[in-house]
Amino acid sequence: MVKIVQQSVELPALPAVLYSMYLDPGQHAAFTGGGPASISPAPGTAWSAFDGRIHGRILALTPSRQIVQSWRSFEWQDDDPDSVLILTFWPVGSGSVVALAQVDVPERLYDTLLGGWPTRYWEPWRAYLRQAT
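What counts as what
Residues numbered from 1 in each chain as written. Predicted model: local features only at pLDDT ≥ 70, side-chain atom pairs only at ≥ 80, totals over all residues. Heavy atoms only, no water. Phe/Tyr/Trp six-rings, centres within 6.5 Å; stacked < 30°, edge-to-face > 60°. Helix = DSSP H or I, 4+ residues; strand = E, 2+ residues; numbered from the N terminus. Lys NZ or Arg CZ within 6 Å of the ring centre and 35° of its normal. Buried < 20%, exposed > 50% of the residue type's maximum accessible area, 1.4 Å probe, protein only. Polar contact = N/O pair within 3.5 Å; in protein donor to acceptor, adjacent residues only side chain to side chain. Contact = heavy atoms within 4.5 Å.

Asks: Help me understand the packing of aromatic side chains in this model?
Replies: Two aromatic rings are characterised by how far apart their centres lie and by the angle between their planes. One pass over the structure, following the stated rule, counts 10 aromatic pairs. With centroids separated by 6.0 Å and ring planes inclined at 40°, the aromatic side chains of Trp 71 and Trp 117 adopt a geometry described as tilted. Placement of the pair is Trp 71 in strand E4 (residues 66-73) and Trp 117 in helix H3 (residues 110-132), with a sequence separation of 46 residues. Feature note: the residues Tyr 22, Phe 31, Phe 50, Trp 71, Trp 76, Trp 117, Tyr 121, Trp 122 and Trp 125 constitute an aromatic cluster, connected by ring pairs. Positioned above the aromatic ring of Tyr 110 is the side chain of Lys 3, whose terminal nitrogen or guanidinium carbon lies 4.6 Å from the ring centre.

Asks: What is the right way to read the side chain of Arg 72 from this model?
Replies: Structurally, the position occupied by Arg 72 is in strand E4. Looking at Arg 72, the relative accessible area reads 14%, which means it is buried. A distance of 2.6 Å separates polar atoms of two side chains, one belonging to Arg 72 and the other to Asp 82. Aside from chain neighbours lying at most four places away, what touches Arg 72 is Arg 53, Ile 54, His 55, Gln 77, Asp 78, Asp 80, Pro 81 and Asp 82.

Listed below in structure tokens is the structure:
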């Protein structure tokens, strides 16, 4: 059965800033605190984060608006298909809403990913942005 993780979060920065931060390896590693990241703002390129524990390819980019990636973690089994991650950035007041849809998540990992996004991305990113201002 196909599982989809859907979440949205409000962050205190404009969409262009968040988009750029996510696609910059140094900033990505800094705001997650998860170790080295390798990412480039170019469709077709490989990416990894959390010292290679998650990885995939950049599938499509809409500057300052949307990032689409293939995505898998070290917990994926060899026969699990990659999931597709779609991040969309929307302006709200002086900040943004980031909407996430992660499609084709292995059923056994659904709860892990559902809880992982807030603890590995949303909360650390928000804390990082607060420290930067």
